[in-house]
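Geometric and topological summary
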Amino acid sequence: MNPAFTPTTSPTGLRVHDRIENAQFELYTESRVAPTPIATGSGHGLSRQPDAEAWHTSSDAGFALPVDSAVAFDTTRITLPALVDVFVWQPDRTLVGKTTNQESATYPEQGAYALDVDIGSMKLQLAVTDPFEIHRTDDSTVISFDATATVRLGARSLHTAPEATITITDDVRDGMRAVSLFGSALKTTTPERSFPTLRGHPPLVERGDAFDAPATLDAPDTGIAIEIPLDWGDLYRVSTLAYYLGATVQPGAQRALVLDGVRYPFPSASGFGDAVQTLLEHVFLLDCVVRTEGLYSVSSVFS
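What you see as residue numbers is a count from 1 along each chain, following the sequence as written. With pLDDT at 70 or above as the cut-off, local features in this predicted model cover only qualifying residues; side-chain atom pairs require 80 or more to be listed or tallied, and sums for whole chains, interfaces and linings still use all residues. Side-chain descriptors were evaluated using all non-hydrogen atoms of the structure, hydrogens and water having been removed beforehand.

Right, let's get into the overall build of the protein. Here a helix means four or more residues in a row that DSSP labels H or I, a strand means two or more in a row labelled E, and each is numbered from the N terminus. Looking only at helices and strands, the protein has four helices and 18 strands in total. Think of it in three bands: with a 1.4 Å probe and only protein chains considered, a residue is buried below 20% of the maximum accessible area for its type, exposed above 50%, and partly exposed in between. By residue count, 47% of the 303 residues in the protein fall in the buried class. Considering only residue pairs separated by 6 or more positions, the protein has 66% of its internal contacts joining residues 24 or more positions apart. Accessibility throughout is a Shrake-Rupley quantity obtained with a 1.4 Å probe, and a residue counts as covered only by protein chains that appear here. Just so you have it, the protein exposes about 14,000 Å², and 51% of that area is on carbon and sulfur atoms. By the convention used here, residues are in contact when the closest approach between their heavy atoms is within 4.5 Å.

Let us now look at the packing of aromatic side chains. Geometry of aromatic contacts follows a simple scheme: Phe, Tyr and Trp rings, the Trp one being its six-membered ring, pair when their centres are within 6.5 Å, and the pair is stacked under 30 degrees between planes, edge-to-face over 60, tilted otherwise. With the rule as written, the count across this model stands at seven aromatic pairs. With a centroid separation of 4.8 Å and an interplanar angle of 20°, the aromatic rings of Y107 and F132 are classed as stacked. Placement of the pair is Y107 in strand β8 (residues 104-107) and F132 in strand β11 (residues 132-136), with a sequence separation of 25 residues. Residue F132 is classed as buried on the basis of its relative accessible area of 3%. Taken together, Y107, Y113, F132 and F145 form an aromatic cluster joined through their ring pairs. By the criterion adopted, a ring carries a charge over it if an Arg CZ or a Lys NZ lies within 6 Å of its centre and within 35 degrees of its normal. The ring of F272 has R255 lying over it, and the distance from NZ or CZ to the ring centre is 5.2 Å.

What follows deals with the nonpolar core. L115, L124, F132, I143 and L153 are the most contacted members of the largest nonpolar core, which totals 32 residues. Per-element tally for this core: the top contributor is strand β12 (residues 141-157), with six residues. Look past the residues within four positions of F132 in its chain and what remains in contact with it is V88, A105, T106, Y107, Y113, L115, I143, S144 and F145. Throughout, nonpolar core names a set of buried Ala, Val, Leu, Ile, Met, Phe, Trp, Tyr and Cys residues whose side chains join them through atoms within 4.5 Å. Counting residues in hydrophobic clusters, the runner-up holds 24 residues, among them M176, V179, F182 and F266.

Axis definition: a line fit to C-alpha positions, over the contact stretch in the case of helices; interaxial angles, taken between N-to-C directions, run 0 to 180 degrees. Relative to each other, helix α3 (residues 232-245) and helix α4 (residues 269-290) sit at 15°, their axes nearing to 9 Å. It follows that α3 is roughly parallel to α4 by the angle criterion. Considering the relative orientation of α3 and α4, their crossing is left-handed. Residue-level contacts link D234, R237, V238, T240, L241, Y244 and L245 of α3 to F272, G273, V276, L279, L280, V283, F284 and D287 of α4. Just so you know the grouping, Ala, Val, Leu, Ile, Met, Phe, Trp, Tyr, Cys and Pro go in nonpolar, Asp, Glu, Lys and Arg go in charged, and all remaining residues, Gly too, go in polar. A breakdown of the residues in the contact of α3 with α4 according to their chemical character gives ten nonpolar, two polar and three charged. Angle categories are assigned with fixed cut-offs, so that under 35 degrees is roughly parallel, over 145 is roughly antiparallel, 65 to 115 is roughly perpendicular, and the rest are oblique. Two helices cross in a left-handed way if the nearer one is turned anticlockwise from the farther one by less than a right angle. They cross in a right-handed way if the turn is clockwise.

Next up on the list: the pairing of strand β14 (residues 204-207). When DSSP finds two or more bridges between a pair of strands, those strands are recorded as paired. Looking at chain direction, strand β13 (residues 165-168) and β14 are connected through four bridges and run parallel. Opposite T165, over in β14, you have L204 as the bridge partner. Looking down the strands as they point away from you, a crossover is right-handed if its path from the first strand over the helix to the second goes clockwise. For the handedness criterion, the β-α-β arrangement of β13, helix α2 (residues 172-180) and β14 is classed as right-handed.

Looking now at the pattern of salt bridges. When a carboxyl oxygen of Asp or Glu lies within 4 Å of a side-chain nitrogen of Lys or Arg, that pair is called a salt bridge. Enumeration according to the criterion identifies ten salt bridges in this entry. Residue R173 pairs with D171 through a salt bridge whose shortest N-O separation is 3.8 Å. Looking at R173, the relative accessible area reads 45%, which means it is partly exposed. Note on D171: relative accessible area 32%, which makes it partly exposed. Overlapping salt bridges, with partners in common, bring together D234, R237 and R255 in one network.

Quick look at the packing of α2 against α3 now. Contact geometry for α2 and α3: axes closest at 10 Å, N-to-C directions at 5°. With respect to their mutual orientation, α2 and α3 come out roughly parallel. In this structure, α2 contributes V172, G175, M176 and V179 to the contact, and α3 contributes W232, L235, S239 and A242. A class-by-class count of the residues in the contact of α2 with α3 yields six nonpolar, two polar and no charged.

Strand order in the open sheet formed by four strands is β16-β15-β17-β18, and the pairing between neighbours is mixed. Looking at the sheet topology across the chains shown, the edges are occupied by β16 (248-251) and β18 (262-265). If you compare each strand with its neighbour and ignore which way they point, the axes differ by 25° on average. Strand direction decides the pairing type here: strand β15 (residues 224-228) and β16, joined by four bridges, are parallel. If you follow I228 over to β16, its bridge partner there is P251. In the packing of α2 onto the sheet, contacts are made with β15 and β16, and the angle to β16 comes to roughly 160°. Contacting β15, β16 and β17 (256-259), α3 crosses the sheet at an angle of about 175° to β15.

As C-alpha cells, then:
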C-alpha cells in the first residue's frame, strides 16, 4: 500500500494519498499533468538489490532520501498550499540549502537536486535537474522553473500503522518467519533508522490455519540473524531487536547473534532477556550518535 498519485482538474495538479495512514495532500501545477509511475530504485522506498548497502539508497532515481513510490510529470511551476520547509539535497546526500529561514532561494545552475518537503502527514521529495526558484507567498510555497521541466515526485508514508497482516499457526517456526519479516517496515538500514520517520510500523500477526504473508513484505538482506531455541518466550524477547536490525530469526541449539556468519553467543536463559534489551539500547544509542554526522548535521546531545 504505497502512496498513490491522482491528477486533479480543479485546480490542476496532483493528489498524493497515503493509504496506510489515510492521509492526503494536494499540490498544484499551472496546467493539467499526466503522471507516469517510475521506479524509485526501491520497494517500500528501498532498493531490492541483494547488496545491503544498495538496499537503503534511492540515489539511482534522483532521490536523496528513501521514498515508497514515485511518478514523473512535466510542469513549469509547483505550488504547495502551505508554508513548508524545503531542504535541498544532491543525490549524494549533501545538503546544499534550505528555505526555513528565508523567503526565497534560487538555484540557477543545471544539476541534480532533491527537494525534501515535510508536510506533516507524509514526506514528499521532488527530484529535478533544471534550474529552479523557491519562494513563499502569504500562504503557500512555490517552486518554479524557467521553462517546462520534468519533475519526479516521490512520497514516503510516516507508516505509524501496520501495512499488512501475517497469519501464523501455533508452530513457533511460523512465528520466527513472521518476525523475520518485521524488517520490511524499515525505510533504511543506516543509522538514520533511529529516526521514527525512517522506520515504519511492523506488520500485524494473527493466528490462523496456515502461514500466510503478503508478497509485499520483503525484508532487507542485512546478513544478520538471531538464533534461538524453538521457544515462544525467546521469540517474544528478540522480536523488537530483530525488527530494528532487520534480522532473520532462525532455530538454533544456542542463543546467538550471527553477523555475516560469525556467531556471538547470548548469555544463558536467566540473563537472556536483559542481554537482548541491553544490546538493542546500545545499538539504538550508537545510531543516534552516528547519525549526527549523517543526513542531518546536528550537534551531539552529549557535546
